[in-house]
Amino acid sequence: MVERNRRLSKHHILGDFLVDDTFPDLAKRLVPDEVQLANLERLALVIERIAEQFPAQWKVLSGYRDPVLNEACRQAGLPASLDSLHLDGCAADIEPHGGEFDLETVYEWVRDTSRIDLEVHEAVFYPLKGFIHIGVENKKRPTAKRILMRT
Ligand SMILES: [Zn+2]
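Now for a quick tour of the structure.

Conventions adopted
Residues numbered from 1 in each chain as written. Predicted model: local features only at pLDDT ≥ 70, side-chain atom pairs only at ≥ 80, totals over all residues. Helix = DSSP H or I, 4+ residues; strand = E, 2+ residues; numbered from the N terminus. Core = buried A, V, L, I, M, F, W, Y, C linked by C-beta atoms within 7 Å. Buried ≥ 20, exposed ≤ 12 C-beta atoms within 10 Å, placed from the backbone. Contact = placed C-beta atoms within 7 Å. Pairing = 2+ DSSP bridges. Axes fitted to C-alpha atoms, helices over the stretch in contact; angles between N-to-C directions. Expected span 1.5 Å × (residues − 1). Arc of directions from axis to C-beta.

On to the overall build of the protein, then. Across its full length, the protein carries four helices and five strands. With respect to the three principal axes, the spread of C-alpha positions in the protein is 35 × 30 × 30 Å.

This is how it looks when you write it as structure tokens:
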């Protein structure tokens, strides 16, 4: 049983991270375990920092993915890798609604602040799609830090 109303941060509840517009039925079946929940909490705090800096309604397009959902995304040609941090609850694709700023500015702030005190391990900016993939480190499954812009 998943408590989707569980609050992860000021602006987000767990249910916000268990979504997928392309595969809503698979998203309904998502059941993160305790480790993945703890990762989602760390991730939500990073997103909260971004929301404080860039006020908007930050919608999660894709958060935690189990292997079934991740594979469905891959088959559909969506940006999803086999070792995606989404599988650990460590990554989310976020899109601002109603903010008065350029998304590139957000990306640059995340990149620069990750060198100071923002615990971001992945930030991939998709300007054409209008979202940013944000990831925190999974110390149990080390991956290379990547902060970059994609088309
Ligand atoms: Zn992503």
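Picking up where we left off.
To continue, consider the nonpolar core. Leu-43, Ile-47, Ala-92, Ile-94, Ile-132 and Ile-134 are the most contacted members of the largest nonpolar core, which has 34 residues in total. When contributions to this core are tallied by element, the ones reaching two or more residues are helix H2 (34-53), strand S1 (57-62), helix H3 (67-75), strand S2 (91-97), helix H4 (103-113), strand S3 (122-126) and strand S4 (131-135). Top element by residues in this core is H2. It accounts for seven residues. When sequence neighbours within four positions are dropped, the list of residues in contact with Ile-47 reads Ser-9, His-12, Trp-58, Ala-92, Ile-94 and Ile-134.

Judged by pairing direction, the sheet is mixed, and its five strands sit side by side in the order S1-S2-S4-S3-S5 without closing on themselves. Edge positions in the sheet fall to S1 and strand S5 (146-149), since each has one partner strand and no second. Each neighbouring strand pair of the sheet contributes to a mean axis angle of 25°, computed without reference to strand direction. Sheet strands in contact with H2 are S1, S2 and S4, and its direction is about 25° off that of S2. Its contacts with the sheet place H4 against S2, S3, S4 and S5, and it is angled at close to 165° to S3.

Attention now moves to H2. Between its terminal C-alpha atoms H2 stretches 29 Å, which fits the 28 Å expected from 20 residues at 1.5 Å a residue. Buried residues along H2 sit in contact with S1, S2, H4 and S4.

Moving on, we come to H4. Note that an α-helix has 3.6 residues per turn; residues three or four places apart therefore point the same way. All of the buried residues in H4 are Val-106, Tyr-107 and Val-110. Along H4, the residues classed as buried sweep out an arc of 100° about the axis, all on the same side. Facing away from the buried side of H4 by more than 90 degrees, the exposed set consists of Glu-104, Thr-105 and Asp-112. Elements that come into contact with the buried residues of H4 comprise H2, S3, S4 and S5.

The next thing to look at is the environment of His-121. Looking at the element boundaries, His-121 is found in the loop between H4 and S3. On the neighbour-count criterion, His-121 (21 C-beta atoms within 10 Å) is buried. Along the chain, His-121 and Ser-84 lie 37 residues apart, while their C-alpha atoms are 12 Å from each other. If we ignore the near neighbours within four places in the chain, the residues touching His-121 are Gly-135, Val-136, Glu-137 and Lys-145.

To continue, consider the environment of Lys-139. By secondary structure assignment, the location of Lys-139 is in the loop between S4 and S5. On a C-alpha basis, the gap between Lys-139 and Glu-71 in space is 23 Å, while along the polypeptide they are 68 residues apart.

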